[in-house]
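# Structural description and commentary
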Amino acid sequence: MSSLSRSGSLTPILPAPGRTLGKTSEAKVKLANSSKDISHLTDAKLSSLAPPPPTTQIPEQYHIIERTITAPRDPTVKSEYRDSDRCWHSTVWPSERPIDRRQVMLLEEWLTRRLQELIITDHLEEVKERQKLYSMAFHELIRQVWVQLPERGQLMAKIWQRYLLLFEHILKMREHERDQYNQKTGDHQLLYQQLYKDKDLKFSKMYMTLAVEKEKISAAKDKLERSVLLLYEEHKRQLESDVDMKRLIKKLRKQGMCCCD
């Protein structure tokens, strides 16, 4: 139901009058029309004019550097010659144009190792540090996609930036909730400390009052005991005086009886 034109593209053939196309013929017509999209060919021609990928965010301390006596053949590899060791120092990873499979494998190894080395007791701080690592890794992945198709890399970068904004908003909300919780906990602790302090002050005042009252009672007891002792001594002297008086009376009576005789 279709034939090749002089230009080499598929051209659908119209059915004869009074006849209709079958399902197979309609599918072939649709395939012929869809084959007109040649954007993949123009994209390949414009790849040399596409903007370069963004700069890597991997810290330099984690870059993989190789030393060679001769200069690297690949012009896309970032390298410099150093007189100190008379060698070329080439940055193997992350590359200026990360297009091979090795770049993906090295990125995965770096991310796995950095996550294993991450040890933080605070859960919220751990989430923030993990987010930084994931952000750098995903940015490096965008660079790898950018080399193949810049438009796709730009779209991934925009989506990732919007996702980061949403994540940071949620993270700030969690930090605000944590600060409020810490503030309430601190206020409660201050309240409890003040209550215990007031309780201690009241107890101290009550203890001092009881101590003073105890001293007063002890002094009154000593005074009472002295008074009782004085009364006892006075009573004892009175009894002795009564005994002497009775003896005197008895003696006088005897003398009086002797005088009458």
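Criteria and thresholds
Residues numbered from 1 in each chain as written. Predicted model: local features only at pLDDT ≥ 70, side-chain atom pairs only at ≥ 80, totals over all residues. Heavy atoms only, no water. Helix = DSSP H or I, 4+ residues; strand = E, 2+ residues; numbered from the N terminus. Buried < 20%, exposed > 50% of the residue type's maximum accessible area, 1.4 Å probe, protein only. Areas by Shrake-Rupley, 256 points an atom, 1.4 Å probe, with all protein chains shown as cover. Salt bridge = Lys/Arg side-chain N within 4 Å of Asp/Glu carboxyl O. Core = buried A, V, L, I, M, F, W, Y, C linked by side-chain atoms within 4.5 Å. Contact = heavy atoms within 4.5 Å. Axes fitted to C-alpha atoms, helices over the stretch in contact; angles between N-to-C directions. Parallel < 35°, antiparallel > 145°, perpendicular 65-115°, else oblique. Nonpolar A, V, L, I, M, F, W, Y, C, P; charged D, E, K, R; others polar. Pairing = 2+ DSSP bridges. Patch = residues over 30% accessible without salt bridge, like charges linked within 9 Å, V, L, I, M, F, W, Y side chains within 5 Å. pLDDT = per-residue confidence, 0-100.

### Quick word on the overall build of the protein
- Per the secondary structure count, the protein includes 5 helices and 5 strands.
- For the protein, buried positions account for 16% of its 261 residues.
- Accessible surface computed for the protein: about 22000 Å², of which carbon and sulfur atoms make up 58%.

### Quick look at the pattern of salt bridges
- Tallied over the entire structure, the rule returns 13 salt bridges.
- Through salt bridges that share partners, Asp122, Arg178 and Asp179 make up one connected network.

### What about the nonpolar core?
- In this structure, Ile58, Trp93, Leu106, Leu107, Trp110, Leu111, Leu115, Leu118, Leu133, Met136 and Ala137 together form the largest nonpolar core, which totals 11 residues.
- Those elements that place two or more of their residues in this core are helix H3 (101-117) and helix H4 (123-148).
- Here the element with the most residues in this core is H3; it accounts for 5 residues.
- Those residues within four positions of leucine 115 in sequence are excluded, and the remaining contacts are Arg130, Leu133 and Tyr134.

### Observations concerning the packing of H3 against H4
- Two elements in contact, H3 and H4, have axes separated by 11 Å at closest approach and are oriented at 180°. The angle between the axes of H3 and H4 places the two elements in the roughly antiparallel class. For the pair H3 and H4, the contacting residues are Gln103, Val104, Leu107, Trp110, Leu111, Arg114 and Leu115 in the first and Arg130, Leu133, Tyr134, Met136, Ala137, Glu140, Leu141 and Gln144 in the second.
- Class assignment for the residues of the contact of H3 with H4 results in 10 nonpolar, 2 polar and 3 charged.

### Here's the deal with the sheet that holds strand E4 (residues 79-82)
- Judged by pairing direction, the sheet is antiparallel, and its 3 strands sit side by side in the order E3-E5-E4 without closing on themselves. Taken across any chain shown, the strands that pair with only one partner, and hence form the sheet edges, are strand E3 (64-68) and E4. Each neighbouring strand pair of the sheet contributes to a mean axis angle of 30°, computed without reference to strand direction.
- Strand direction decides the pairing type here: E3 and strand E5 (residues 87-93), joined by 5 bridges, are antiparallel. Across the sheet, residue glutamate 66 finds its bridge partner in E5, namely serine 90.
- Across the sheet, H3 touches E3 and E5, and the angle it forms with E5 is around 75°.

### What to know about unusual backbone geometry
- Following tryptophan 93, the chain continues to proline 94 via a peptide bond in cis, the omega torsion being -5°.
- Tracing the sequence through the fold places proline 94 in the loop between E5 and H3.
- Of note in this structure, arginine 86 is not a glycine but carries a positive phi near 55°.
- The residue arginine 86 is located in the loop between E4 and E5 in this model.

### Details of the pairing of E5
- Judged by how many residues are buried, E5 sits mostly within the fold: 6 of 7 residues are covered.
- The sheet contact formed by E4 and E5 spans 4 bridges and is antiparallel. Bridged to tyrosine 81 within E5 is tryptophan 88.
- Where E4 hands over to E5, the hairpin turn is made up of 4 residues, of which arginine 86 adopts a positive phi near 55°.

### Considering a nonpolar patch on the surface
- Where nonpolar side chains cluster on the molecular surface, the patch consists of Leu191, Tyr192, Leu195 and Tyr196 and spans about 470 Å² of accessible area.
- Examined against the element boundaries, tyrosine 196 turns out to sit in helix H5 (residues 150-260).
- In this structure tyrosine 196 comes out as exposed when scored by relative accessible area, which is 55%.

### Details of the confidence of the model for the protein
- Looking at the protein, the pLDDT average stands at 79 and 80% of residues meet or exceed 70.
- The secondary structure element of the protein with the lowest average pLDDT is strand E1 (residues 2-4), at 39, and the one with the highest is H3, at 94.
- Here residues 1-16 scores under 50 on pLDDT; set against residues more than four positions off or in separate chains, the count is 18 contacts.
- Within the model, the stretch residues 29-35 combines pLDDT values under 50 with 3 contacts to residues more than four positions away or in other chains.

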